[in-house]
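Residue-level structure breakdown
The chain contents come next:
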Amino acid sequence: MALLEVNGIHTYYGNIHALKGVSFEVDTGEIIALIGSNGAGKTTTLRTISGLMTPREGSVNYDGEVISNTRADMLVSKGISMVPEGRGVFAKLTVEENLDMGAYIRRDGAIKEDLKGAFSLFPRLQERRKQVAGTLSGGEQQMLAIARALMSKPRLLLLDEPSMGLAPVLVDGVFETVQRIANEGVTILLVEQNAHMALQIADRGYVLQSGEVAISDTAANLQKNETVKKTYLGID
Amino acid sequence: MFKWKTDEFSWVDFTIDVLRVLIVLAVVVGAWNTLSSGRISLAQWVNLFAAGLSQGSIYALIALGYTLVYGILLMINFAHGEVFMAGAFTTVFFAEALNRTGFLNEQPLLAILLMIVFAGLVSMTVAILLERIAYRPLRGSPRLVPLITAIGASFFLQYTFRGLYGSGFKAYPGVKALQGAFSIGGINIPVAQVFVFCSALILMLCLYWLVERSRIGKAMRAVSENKEVARLMGIDIDWVIMFTFGVGGFLAGSAGVINGLFRPQGVNFYMGFIPGIKAFTAAVLGGIGNIPGAMLGGLFLGVIEAIGPNLVLAGLGIPGANQLKDVIAFTMLVLVLIFRPQGILGERLSEQKA
């Protein structure tokens, strides 16, 4: 059984019909890429799964349970964690406090150890642990946002455009990190405009177009697909 | 400072500059006259300053409630003065009971602590109910709506408490331990003032620890910065907002007891109005939404109110200057709003927050 099943969800912003029946599945241990152009509904899909938005029709099932009407803050303790678009670090909180917030739902004693784990994954954050997050560079903020999302020990990690706004040299690093997190056993749903990079690490991918799934296939096949090549990979 | 030299001439800028000059002139002339006349001795200045500090620490405690709520919801809770009244007024009966049994004078410290906690809990309850019933259903509506509701809630609370306890004044019983004065180098500082200042200081340190160090305090700061991301961390923002109202209420209630023990004129259902507005002034003065700002703004307002009339107004030959401290306080509010709307410690408000 799939870890996450999205069944024909319709989500609206007021009267704007953003998702028109999106369906897909994510199996445990997979990396799934959602690609598509601006306004295709990638972010809306993630916001609906994470509970920030409620679909008007359709349902989201996670681990055999319908979660489409569950509040975002309740989903974190079920094991869903999201790195929001634009990173969303708390600029006035220190790096360490941001990480503490990531572990907000946890009461176990292993938080300190996981903090060390986060710092070994991102040594830059350790150097800046007492600094407020607003003073970090874009790349460091992205590291912080990912490290913070991992502090809740998620089973499913939702990543919204982790490479956005980063210098090209940093983009490789971000995708390497995502791969490493997946190797630790975390299931990943990755939304990306950088389809090229996303499909290199993904197992399977879905192409969203105007609020609908247009193509779904394995990542390897998508890389060879003519439409995908033309539209999203910029290869003629 | 003089903008018309560089930009196009503007009557608004011109008027503001003239106002600036006039204010500086009034303060300098008034202060010069008073100081050169030597009407008030150094000891009296110190006394005024101490009285101002203790009054100011009460303002600061109330102001923290405004600033905490503003920080998290960008909303001015204009019923906060009534939250202060609720604790102060209710605790009068508790204080009378403690006095009748003699406990108040046998164990003054413990009794006062009990009263502070009691009043804090009463005000906390009122603040939480206020948030739950009056404000939460309006979250997400235009910002004018909860503001008007707050004014309505303020009247509702005033007349509810009038209905409960009557419209007369009730005075807190005198505590022997708070009478008398410390004498330092010929200057007498009343014990009550020292008590007010110290208890307010302790409460503010507790708040500072709560906000800066505790898990819930970090969550409060996270929610105030970005509610959506806070939810993604698993933070129940409704609970955090309720907690924030509760903390603000607790501080206001304890300020009510401290105020009641310190000032003899008694409490009634209308007592929250003026301190509420003064504390709002203090919060704006320090920079609304800024916690150290509210503390500093409160103390500053208290001191200005105590010293200002004697120093400036009396020096300008205005009769009965001592009764004009409200004029000073609200003039400060207007001046801050004109010249430094972000307050002493505040950052310049972004479009979204303004």
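Residues numbered from 1 in each chain as written. Chains lettered and ligands numbered in written order. Predicted model: local features only at pLDDT ≥ 70, side-chain atom pairs only at ≥ 80, totals over all residues. Heavy atoms only, no water.

Concerning the domain arrangement of chain A
Residue and element names in this part refer to chain A. Splitting chain A by domain gives domain 1 (1–79 + 154–236) and domain 2 (88–153). Distance between the C-alpha centres of domain 1 and domain 2: 24 Å. On the domain 2 side, the residues contacting the 14 residues of domain 1 number 11 residues. The interface formed by domain 1 and domain 2 includes zero salt bridges. Those elements that place two or more of their residues in the side of domain 1 that touches domain 2 are α2 (72–78), β7 (156–160) and α7 (168–183). Here the side of domain 1 that touches domain 2 gets five residues from one element, more than from any other, and that element is α7. Within the side of domain 1 that touches domain 2, the residues separate by chemical class into nine nonpolar, two polar and three charged. (Domains from an automatic or database assignment. Contact = heavy atoms within 4.5 Å. Salt bridge = Lys/Arg side-chain N within 4 Å of Asp/Glu carboxyl O. Helix = DSSP H or I, 4+ residues; strand = E, 2+ residues; numbered from the N terminus. Nonpolar A, V, L, I, M, F, W, Y, C, P; charged D, E, K, R; others polar.)

Overview of the packing of helix α12 (residues 291–313) of chain B against helix α13 (residues 325–339) of chain B
Residue and element names in this part refer to chain B. Where α12 meets α13, the closest approach of the two axes is 8 Å, and the angle between their N-to-C directions is 120°. The angle between the axes of α12 and α13 places the two elements in the oblique class. You can see that α12 and α13 cross each other, and the crossing is right-handed. In this structure, α12 contributes F300, L301, I304, E305, G308, P309 and L313 to the contact, and α13 contributes K325, I328, A329 and M332. A per-class count over the contact of α12 with α13 returns eight nonpolar, one polar and two charged. (Axes fitted to C-alpha atoms, helices over the stretch in contact; angles between N-to-C directions. Parallel < 35°, antiparallel > 145°, perpendicular 65-115°, else oblique. Left-handed = near helix turned anticlockwise from the far one by under 90°.)

Considering the interface of chain B and chain A
The extent of an interface is frequently quoted as the accessible surface area lost upon association of the parts. Listed as interface residues are 20 residues of chain B and, on the opposing side, 24 residues of chain A. Both sides together, the interface formed by chain B and chain A hides about 2100 Å², and carbon and sulfur atoms give 55% of it. When the buried area of chain B at its contact with chain A is split by residue, R215, L232 and M233 of chain B rank highest and sum to 34% of it. Linking chain B with chain A are four salt bridges. (Buried area = accessible area lost by both parts, 1.4 Å probe.)

Brief notes about the environment of M115 of chain B
Residues and elements named next belong to chain B. Note that M115 resides in helix α5 (residues 108–135). Residue M115 is classed as buried on the basis of its relative accessible area, which comes to 0%. C-alpha separation for the pair M115 and G87, spaced 28 residues apart in sequence, amounts to 9.6 Å. If near-sequence neighbours (up to four positions away) are discounted, M115 is found in contact with T91, F94, A95, L98, L104, Y172, V257 and L261. (Buried < 20%, exposed > 50% of the residue type's maximum accessible area, 1.4 Å probe, protein only.)

Structural notes on the pairing of strand β1 (residues 4–13) of chain A
Residues and elements named next belong to chain A. One ladder, built from eight bridges, connects β1 with strand β2 (residues 16–26); its direction is antiparallel. When the sheet's bridge partners are listed, E5 is paired in β2 with E25. Taken together, β1 and the strand that follows it, β2, pair antiparallel across an intervening segment of two residues, in which G14 is found at a positive phi of about 60°. Relative to strand β4 (residues 57–62), β1 runs antiparallel, the two being bridged by five bridges. Looking at β4, one finds that L4 is bridged to Y62. (Pairing = 2+ DSSP bridges.)

Quick word on the nonpolar core
Among the nonpolar cores identified, the biggest contains 128 residues, and L189 of chain A together with L207 and I235 of chain B are the most heavily contacted of them. When neighbours within four sequence positions are excluded, L207 of chain B is seen to be in contact with L64, L68, V247, L251, I291 and M295 of chain B. One finds A118, A147, I201 and Y232 of chain A within the second-largest nonpolar core, a separate group that totals 46 residues. (Core = buried A, V, L, I, M, F, W, Y, C linked by side-chain atoms within 4.5 Å.)

Considerations on the pattern of salt bridges
Inspection of the entire model under this criterion finds 26 salt bridges over all chains. One salt bridge in this structure joins R47 of chain A and E228 of chain B, with 2.7 Å as the shortest N-O distance. You can see R47 of chain A sitting in helix α1 (residues 42–49) and its partner E228 of chain B sitting in helix α9 (residues 227–232), one on each of two chains. Residue classification places E228 of chain B among the partly exposed positions, given a relative accessible area of 32%. For the salt bridge of E305 of chain B with K325 of chain B, the shortest nitrogen-to-oxygen distance reads 3.8 Å. Highlighted residues: E305 of chain B in helix α12 and K325 of chain B in helix α13, separated in sequence by 20 residues. K325 of chain B gets classed as partly exposed once you look at its relative accessible area, which sits at 28%. Sharing partners across several salt bridges, the network here consists of R106, D108, D114 and K153 of chain A.

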